[in-house]
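Chains, contacts and geometry: an overview
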Amino acid sequence: MDENIELLEYMFRNSEMCVHTLTKLLEDLDGKENRIKKLIDDEKKKYKDFMDEAQKIIKKNKYEIKDNSTMSKIMSTMGIKKEVMKDNSDSAIAHMITEGINLGILDIETKIKHYKDCVDKKVYKLAKEYLEYQQGEIEKLKEYL
């Protein structure tokens, strides 16, 4: 697989899953008095921007990529519901989001390291911005832990 496609597909699929899970999380927190909801909504919008940008490059270059499976979305939705039912405190929500972002950081760092010399500069720049965004979100989430 072309490295550009692989990196773009990763960013698209990861940000698509983030938008999905954060949307479901906000639905589960609806009517609750969590202070973290504004941060979650802002994150959802930013991940949507990354998803759209990756998709724009994908379409422009006529790359073929796979979407996230329905099963993975169902599983994430069930996991979120379970966690929110168990503990919907801002601290618990921040911890759950932080765990997910940390996994994403590890993945994108590895991909950036492997592909930095062989991907298009625009794709590389987007990947670096994606990584930096996620690292910044960890710092914001620490306020709630």
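As a starting point, this report considers the structure included with it. Sequence positions are assigned chain by chain, starting from 1 and proceeding in written order. The model is predicted, so local features are restricted to residues of pLDDT at least 70 and side-chain atom pairs to those at 80 or more, both for listing and for counting; the totals for chains, interfaces and linings are taken over all residues. Excluding hydrogens and water, the side-chain figures rest on all heavy atoms present in the structure.

Examining the overall build of the protein chain
In this text, helices come from DSSP runs of H or I with a minimum length of four residues, and strands from runs of E with a minimum of two, each type numbered from the N-terminal end. Helix and strand counts for the protein chain come out as 5 helices and 0 strands. When the helices and strands of the protein chain are placed in sequence order, the string is α-α-α-α-α. Taken over C-alpha atoms, the radius of gyration is set against a globule rule of 2.2 Å times the number of residues to the power 0.38. On C-alpha atoms alone, the protein chain measures out to a radius of gyration of 16 Å, which is about the 15 Å that the 2.2 N^0.38 rule sets for 145 residues. Each principal axis of the C-alpha atoms in the protein chain carries an extent, and together these give about 45 × 30 × 20 Å. Throughout, a residue-residue contact means that at least one pair of heavy atoms, one from each residue, lies within 4.5 Å. For the protein chain, the proportion of contacts with a sequence separation of at least 24, taken over those separated by at least 6, is 84%.

Quick notes on helix α1 (residues 3-29)
Take the residue count of a helix, subtract one, and multiply by 1.5 Å to get its expected span. If you check α1, its first and last C-alpha atoms are 38 Å apart, about what 27 residues at 1.5 Å a residue would give, namely 39 Å. Counted residue by residue, α1 has 21 buried out of 27 residues, so it is predominantly covered. Pairs of N or O atoms are called polar contacts if they sit within 3.5 Å, as long as, within protein, a hydrogen donor faces a hydrogen acceptor (for residues adjacent in sequence, only side-chain-to-side-chain pairs). Two or three places before N4, at the start of α1, stands the capping residue D2, its side-chain oxygen 2.6 Å from that residue's backbone nitrogen. Immediately beyond the C-terminal end of α1, within one or two residues, lies G31, with a positive phi of roughly 85°. Think of it in three bands: with a 1.4 Å probe and only protein chains considered, a residue is buried below 20% of the maximum accessible area for its type, exposed above 50%, and partly exposed in between.

Notes on the side chain of E43
Among the secondary structure elements, E43 is positioned in helix α2 (residues 37-60). When charges are counted, Lys and Arg are positive and Asp and Glu negative, with His and the chain ends excluded. Put simply, a salt bridge is a Lys or Arg side-chain nitrogen that is within 4 Å of an Asp or Glu carboxyl oxygen. Buried within the structure, E43 lacks any salt-bridge partner; K140 is the closest side chain of opposite charge, at an N-O distance of 7.2 Å. The residues contacting E43, other than those within four sequence positions of it, are L22, I97, I101, Y133, E137 and L141.

Quick word on the side chain of N4
The residue N4 is located in helix α1 in this model. The class for N4 is buried, based on a relative accessible area of 11%. For N4, the residues in contact, after removing those within four places along its chain, are Y63, C118, V119, D120 and V123.

Describing the pattern of salt bridges
Under the defined criterion, the tally for this structure stands at 13 salt bridges. Residues E139 and K142 are paired through a salt bridge, measuring 3.0 Å at the closest nitrogen-oxygen approach. Residue E139 and its partner K142 are located together in helix α5 (residues 121-142), separated by 3 residues, close to a single helical turn. Beyond isolated ion pairs, a larger network of salt bridges with shared partners links D41, K44 and K45.

So, the layout of surface pockets
Here a cavity means grid points, on a 1 Å grid over the protein atoms only, where a 1.4 Å probe fits yet cannot get out; a pocket means an open set of points with protein on both sides within 12 Å along at least five of seven lines; lining residues are those with an atom within 4 Å of a point. Grid points are joined across faces, edges and corners, and a volume is the space filled by probe spheres set on the points. Considered as a void within the structure, the largest pocket measures approximately 480 Å³ in volume. Lining the largest pocket are 19 residues; nearest its centre among them are T21, M96, I97, G100 and I101. Within the residue set of the lining of the largest pocket, elements represented by two or more residues are α1, α2, α3 (70-86) and α4 (90-115). In terms of residue count, α4 provides more of the lining of the largest pocket than any other element does, 8 residues in total.

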